[in-house]
Amino acid sequence: MRILVVEDELTLAAQLAEGIKSVGYVVDVAHNGVDGHFMGETEPYDAVVLDIGLPQMDGITVLKKWRAAGRTLPVLILTARDTWREKVAGIDAGADDYLTKPFHMEELLARLRALIRRAGGHASTELVCGPLTLDTRSSRVSVDGTALTLTSHEYRVLAYLMHHPGEIVSRAELSEHIYAQDFDRDSNTVEVFIARLRKKLPPGLIETVRGLGYRLNKAQ
Ligand code: CA
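Numbering of residues starts from 1 in every chain and runs along the sequence as written. Given that the model is predicted, a residue must reach a pLDDT of at least 70 before its local features are reported, and side-chain atom pairs must reach 80 or more before they are shown or counted; all residues, however, enter totals for whole chains, interfaces and linings. Each side-chain value is worked out from all heavy atoms of the structure, with water and hydrogens disregarded.

This part takes up the nonpolar core. Grouped together as the largest cluster of nonpolar side chains are 48 residues, with contacts concentrated most on Ile20, Val49, Leu108, Leu132, Met162, Leu174 and Leu201. By convention here, the domain bounds are inherited from an automatic or database domain assignment. Here this core spans two domains, and each of domain 1 (2-119) and domain 2 (126-216) adds at least three residues to it. Here a residue-residue contact requires only that any non-hydrogen atoms of the pair lie within 4.5 Å. Beyond its immediate stretch of four places on either side in the chain, Ile20 contacts Ile3, Val5, Tyr25, Val27, Val49, Leu108, Leu109 and Leu112. Among buried residues, those of type Ala, Val, Leu, Ile, Met, Phe, Trp, Tyr and Cys that are joined through side-chain atoms within 4.5 Å constitute a nonpolar core. Per-residue accessibility, obtained with a 1.4 Å probe over protein chains only, is compared with the maximum for each type, and a residue is labelled buried under 20%, exposed over 50%, and partly exposed between these values. Listed in part, the 19 residues of the second largest apolar core include Val48, Ile60, Val62 and Ile77.

Here the domain parsing of the chain yields domain 1 (2-119) and domain 2 (126-216). One C-alpha centre belongs to domain 1, the other to domain 2; they are set 25 Å apart. Counting from both sides, the interface comprises 13 residues of domain 1 and, opposite them, 15 residues of domain 2. As used here, buried area is the combined drop in accessible area, with a 1.4 Å probe, of two parts when they are placed together. Where domain 1 abuts domain 2, roughly 1200 Å² becomes buried across the two surfaces, and 49% of that area is made up of carbon and sulfur atoms. Considering only the surface of domain 1 that becomes buried against domain 2, Arg2, Val26 and Arg113 emerge as the three largest contributors, covering 36% of it. In the analysis that follows, any N or O atom pair within 3.5 Å is treated as a polar contact, provided that within protein one partner can donate a hydrogen and the other can accept it, and provided that, for residues neighboring in sequence, both atoms belong to side chains. Remark: the boundary between domain 1 and domain 2 carries 6 residue pairs in polar contact (both at pLDDT 80 or more). For the purposes of this entry, the term helix denotes a DSSP run of H or I that reaches at least four residues, the term strand denotes a run of E that reaches at least two, and both are numbered from the N terminus. Listed by contribution, the elements that provide at least two residues to the side of domain 1 that touches domain 2 are strand E2 (26-30) and helix H5 (105-119). Classification used: nonpolar for Ala, Val, Leu, Ile, Met, Phe, Trp, Tyr, Cys and Pro, charged for Asp, Glu, Lys and Arg, polar for all others including Gly. Here the side of domain 1 that touches domain 2 is built from residues that sort into 6 nonpolar, 1 polar and 6 charged.

So, on to the pairing of strand E8 (residues 140-143). As judged from the 4 bridges shared by strand E7 (residues 132-135) and E8, these two strands associate in the antiparallel manner. Within the sheet, the bridge partner assigned to Leu134 lies in E8 and is Val141. The turn joining E7 and E8, which pair antiparallel and follow one another in sequence, is formed by 4 residues; a positive phi near 55° is taken by Ser139. When DSSP finds two or more bridges between a pair of strands, those strands are recorded as paired. Of the strand pairs in this sheet, E8 and strand E9 (residues 146-147) are connected by 2 bridges, and their pairing is antiparallel. Paired with Val143 across the two strands is Thr146, which belongs to E9. Linking two consecutive strands that pair antiparallel, namely E8 and E9, is a turn of 2 residues; a positive phi of about 50° is found at Asp144 within it.

Within the protein, the atoms that donate to the calcium ion are Asp8 (OD), Asp51 (OD) and Gly53 (O), at distances of 2.2 to 2.3 Å. The donor set comprises N, O and S atoms within 2.8 Å of the metal, extended to 3.2 Å for Na, K and Ca; water molecules are omitted, so apparent gaps in a site may simply reflect that omission. All donors of the calcium ion come from a single chain, and their spacing in sequence reads D-x42-D-x1-G. Here Gly53 lies in the loop between strand E3 (47-51) and helix H3 (59-68) and Asp8 lies in the loop between strand E1 (2-6) and helix H1 (10-21), a separation of 45 residues in the sequence. Here Asp8 falls in the partly exposed class, since its relative accessible area comes to 29%.

This is how it looks when you write it as structure tokens:
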């Protein structure tokens, strides 16, 4: 899962990035509205944390532009204290949720998890696919109740597939969601992670769809 943080306060932006990375997501950060808008328009983020008070282009305008362009990505806005009008404007502009500064990182992470789950049509904090269970609160995967030991890349690949069970996911799509923007992406490495995952998972769980990508087999 790949998250965009648009926040001009450098300390807060760094804290957000660190907190979000700590639960197994990858993060890109923009420090003004123009960069943030561009990144959200051109990269396939799984969710966005968007400050409202931003230089160059305010968060409400950024959000309105995304929505006008048909971008449906989940957006959580950050508002200043005692600014209920910002919240109303943000929700009217298409925000999916909001948090008022200052906030606790745990609450932000819980809200992000919920947004990502709902975007994938998952109601529960635990995603289940055959013998696999992903506990989105602890970022842990288990097979028939036994915890799997995964590297961070293996976890990101499997978590993305588990958010899209039964769907064909291409190598390019996977690499777009497991690496941050500044990372030298190579979709060939996705194959390596898939091969390693297959050694750790029951056979047949990750199918190769020739020429198209991979599919997490729901039927098992
Ligand atoms: Ca700000």
